[in-house]
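Notes for the structure review
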Amino acid sequence: MSSNQKQKAKAAEVIDTPVPENEEILSDSDGEQDVVEDTAAPSTSQKKKKKKKSKANKMLNALRGKDEIPQDLVDQVLDKVKAEGTNVPQEVNAVSVREALQQLKIMDVVRGKAGIGGLNKKDMGEHKFWATQPVPQLGEGPPVDDGYIEPSQPRDKVRQEPYPLPAEFEWSTLDINDPKQGKEVYDLLSLNYVEDDQAAFRFQYTSEFLAWALKPPGYHKEWHVGVRVVKTQRLVAFISGVPMTLRVRKHVIEASEINYLCVLKKLRSKRLAPVLIKEVTRQCHLKGVFQAIYTAGVVIPTPISICRYYHRSLNIPKLLDTKFCYVPRNMTMARMVRVNKLPSATSLPGLREMEEKDMVAVTDLFKKYMERFDMAPLYSVEDLQHHLLSGMGRGEMGSGGVGRREGQVTWSYVVQDPSTGKITDFFSFYSLPSTVIGNTTYPTLEAAYLFYYASDAGLASRDEQDENLKKQLMALIGDALIVANEAKFDVFNALTLMDNVPILQDLKFGVGDGFLNYYLYNWRTSTLAGMSSEGAIPAGKGVGVVML
């Protein structure tokens, strides 16, 4: 999967999520979103539908800014990037530069500085579903004060009955502890959730991954919402929420992390997505939670931040064979392998696997370190232990393959000062492989994703921090790459959040062309620094939440 393909796959995560009620899906990227099965002459209603879709596509093109970024500007930016240094990521090209410029234009819309594609609200059309929800609307500009949009309600004022579904469907609460139901969720996600445009790669969820992602401390099974066909009891749609305590600047809020909205491809015309969103929202309200955080690869009302994907190639021959990436001009495969070769051993003294006995010290370090970012989760010892250790797998290291345990999802390591015994640093990453469709030589692509990390080098005074912290993080995340390489991962992915931005290029991550938009439900705040700086806040420092 090329960087371009990989990011489109990630964007597909929430292609379903923002489906506005009674509104055409604007993207043609999925191919399954709006299928006209009757090949006979179109009826009047079909003609209207096609006309509406054509108009909608024009609006989307305006939103994306197609044909509005002059080629001369793209060429100038590309020439400048190449002129300013020799260590330019391989994936930087005219396409990625154009998409970056388009995304920056979208951020102008978010800040209220411009209309989308130069159009006003009437030209753009309305997001009918999201216009009814307590979210900031595109073009509103920054709020005067942070805070909720709609006040919380007592439980007896919350809707008590589930939202109605079409007659052939019924609601189902999924019990992830039941292996049969867990497999149903696994099958639905694996076949329908994330797939690249060329249908070459598809995320491969495991029961261990779903248990880790969907069952944190204090989770509510009622927030694992499914839709079944009444006659067959087949699971055809799913959405999940898990509880979290979130700090947004100076405010601490109880929120739900909404994820894994998925509808069977053939049923996406049934408009199940909006009602799924409303039903999981109702379930959250019944538990007294009125705010949420979620991500999307597409722009809906309204991102609080936009982060960008970067990729560190590990297994070059396999990545080339599976067409995840390609040999750039003026480069050979042998040189690609040589340039991306990692050391055989880690560099930091005192680096070892994290253990339960470390959790108090790790949590204390994590809490202090995360104060560096404008938005971050507030985790207890129990919370962090779940996120960092519960996915460590079964048996001895090597029982699940080289550098792995059986069923391992997370890799978590600490740095313990050999002289004092103090935990000074930690890093973690998680595994989410993809099926390589139709490739018998390499049926699975092993991908690692950078998760949470912290270093006491980031706790010093601001004047002393930057260079010392960058040096330490280069070593820390560099060792994470070595651990991942030893565990036979093929690629290591990261976003432009936390303190990632200053180290990604030096660690030979290549810039991706995919973007992940962060959203808050029922909460206003000004834009957070993600792939770009915001005022005096450097890029990445606004976002300290890693969404799975």
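Residues numbered from 1 in each chain as written. Predicted model: local features only at pLDDT ≥ 70, side-chain atom pairs only at ≥ 80, totals over all residues. Heavy atoms only, no water.

Regarding the overall build of the chain
Scanning the chain from terminus to terminus reveals 14 helices and 16 strands. Put simply, the chain has 548 residues, and 55% of those count as buried. Long-range pairs, those at least 24 residues apart, make up 75% of the contacts in the chain with a sequence separation of at least 6. Of the accessible surface of the chain, which amounts to about 24300 Å², a share of 50% is contributed by carbon and sulfur atoms. (Helix = DSSP H or I, 4+ residues; strand = E, 2+ residues; numbered from the N terminus. Buried < 20%, exposed > 50% of the residue type's maximum accessible area, 1.4 Å probe, protein only. Contact = heavy atoms within 4.5 Å. Areas by Shrake-Rupley, 256 points an atom, 1.4 Å probe, with all protein chains shown as cover.)

Comments concerning the side chain of K318
Mapped onto the fold, K318 is located in helix α9 (residues 316-321). When near neighbours in sequence (up to four residues on either side) are disregarded, K318 contacts Y442, T444, L445, E446 and D490.

Details of the sheet that holds strand β2 (residues 201-203)
Pairing is antiparallel in the open sheet, where three strands are placed in the order β2-β12-β13. Looking at the sheet topology across the chains shown, the edges are occupied by β2 and β13 (444-445). Sheet topology note: the β2/strand β12 (residues 434-436) ladder contains three bridges and is antiparallel. For R202, the partnering residue across the bridge sits in β12 and is T435. (Pairing = 2+ DSSP bridges.)

Observations regarding the environment of N522
Here N522 lies in the segment after β16 (510-521). Placed 232 residues apart in sequence, N522 and F290 show a C-alpha to C-alpha distance of 6.9 Å. Looking at N522, its side chain comes within polar contact range of the main-chain nitrogen of E150, at 2.6 Å. (Polar contact = N/O pair within 3.5 Å; in protein donor to acceptor, adjacent residues only side chain to side chain.)

As for the packing of aromatic side chains
A full pass over the atoms with the stated rule returns 28 aromatic pairs. Aromatic side chains Y369 and F373 sit 5.8 Å apart centroid to centroid with 70 degrees between the ring planes, which places their arrangement in the edge-to-face category. Of the two residues examined, Y369 and F373, each falls in the buried class. Aromatic pair F427 and F429: ring centres 6.5 Å apart, planes at 10 degrees, arrangement stacked. On the accessibility criterion, F427 (0% relative accessible area) is buried. The positively charged end of R372 is found above the aromatic ring belonging to Y369, 5.5 Å away from the centroid. (Phe/Tyr/Trp six-rings, centres within 6.5 Å; stacked < 30°, edge-to-face > 60°. Lys NZ or Arg CZ within 6 Å of the ring centre and 35° of its normal.)

So, the side chain of D358
Secondary-structure assignment places D358 in the loop between β8 (351-353) and α11 (359-369). Here D358 is in contact with R352, E353, V414 and I423, once residues within four sequence places are set aside.

Here we look at helix α6 (residues 179-192)
Here α6 is 14 residues long and its end C-alpha atoms lie 20 Å apart, about the 20 Å a rise of 1.5 Å per residue gives. Turning to α6, its buried residues number three or more, namely Q181, G182, E184, V185, L188, L189, S190 and N192. Looking at the buried positions of α6, the neighbouring elements they touch are β1 (169-173), β2, α7 (207-214), β3 (224-229), β4 (235-248) and β5 (251-263). With a side-chain oxygen lying 3.1 Å from the backbone nitrogen of K180, the N-terminal cap of α6 falls on D178. (Expected span 1.5 Å × (residues − 1).)

Some words on the packing of α11 against helix α12 (residues 381-389)
Here α11 crosses α12 at 100 degrees, and the two axes come no closer than 9 Å. In terms of orientation, α11 and α12 fall into the roughly perpendicular class. Listed contacts from α12 to M359, V360, V362, T363 and F366 of α11 are V381, L384, Q385, L388 and L389. Classifying every residue of the contact of α11 with α12 gives eight nonpolar, two polar and no charged. (Axes fitted to C-alpha atoms, helices over the stretch in contact; angles between N-to-C directions. Parallel < 35°, antiparallel > 145°, perpendicular 65-115°, else oblique. Nonpolar A, V, L, I, M, F, W, Y, C, P; charged D, E, K, R; others polar.)

Observations regarding the pattern of salt bridges
Under the definition given, this model contains 18 salt bridges. E184 is the salt-bridge partner of R228, the closest N and O atoms lying 2.8 Å from each other. Taken together, the positions of R228 in strand β3 and E184 in helix α6 put the pair 44 residues apart, joining distant regions of the chain. Two residues, K318 and D490, come together in a salt bridge whose shortest N-O distance is 2.8 Å. Taken together, the residues span a long stretch of sequence, with K318 in helix α9 and D490 in the loop between α13 (462-486) and β15 (491-495) at a distance of 172 residues. (Salt bridge = Lys/Arg side-chain N within 4 Å of Asp/Glu carboxyl O.)

Description of the confidence of the model for the chain
Here the chain averages 83 in pLDDT, while 75% of its residues score no lower than 70. Under a pLDDT of 50 for its full length, residues 1-53 has, in the predicted model, 118 contacts with residues more than four places off or in other chains. (pLDDT = per-residue confidence, 0-100.)

Regarding the nonpolar core
In terms of nonpolar packing, the biggest core is built from 144 residues, with M375 and Y518 touching the most fellow members. For this core, the element with the most residues is α13, which contributes 10 residues. (Core = buried A, V, L, I, M, F, W, Y, C linked by side-chain atoms within 4.5 Å.)

Points about the environment of L342
Structurally, the position occupied by L342 is in the loop between α10 (333-339) and β8. If near-sequence neighbours (up to four positions away) are discounted, L342 is found in contact with R312, L314, L481, I482 and N485.

Topic: unusual backbone geometry
Following P301, the chain continues into T302 via a peptide bond in cis, with omega recorded as -20 degrees. Its place among the elements puts T302 in the loop between β6 (291-296) and β7 (305-313). Positive phi is not limited to glycine here, since Y260 has a value of about 60 degrees. For K323, which is not glycine, the phi dihedral falls at a positive 65 degrees. Note on placement: K323 falls in the loop between α9 and α10. Since its relative accessible area comes to 48%, K323 is described here as partly exposed.

Observations regarding the pairing of strand β11 (residues 423-431)
Looking along a regular strand, one sees the side chains alternate between the two faces of the sheet. Where burial is concerned, most of β11 is hidden: nine out of the nine residues are buried. Where strand β10 (residues 410-416) meets β11, seven bridges bridge the pair, whose relative direction is antiparallel. The partner of S412 across the bridge, within β11, is S428. The turn joining β10 and β11, which pair antiparallel and follow one another in sequence, is formed by six residues; a positive phi near 80 degrees is taken by G421.

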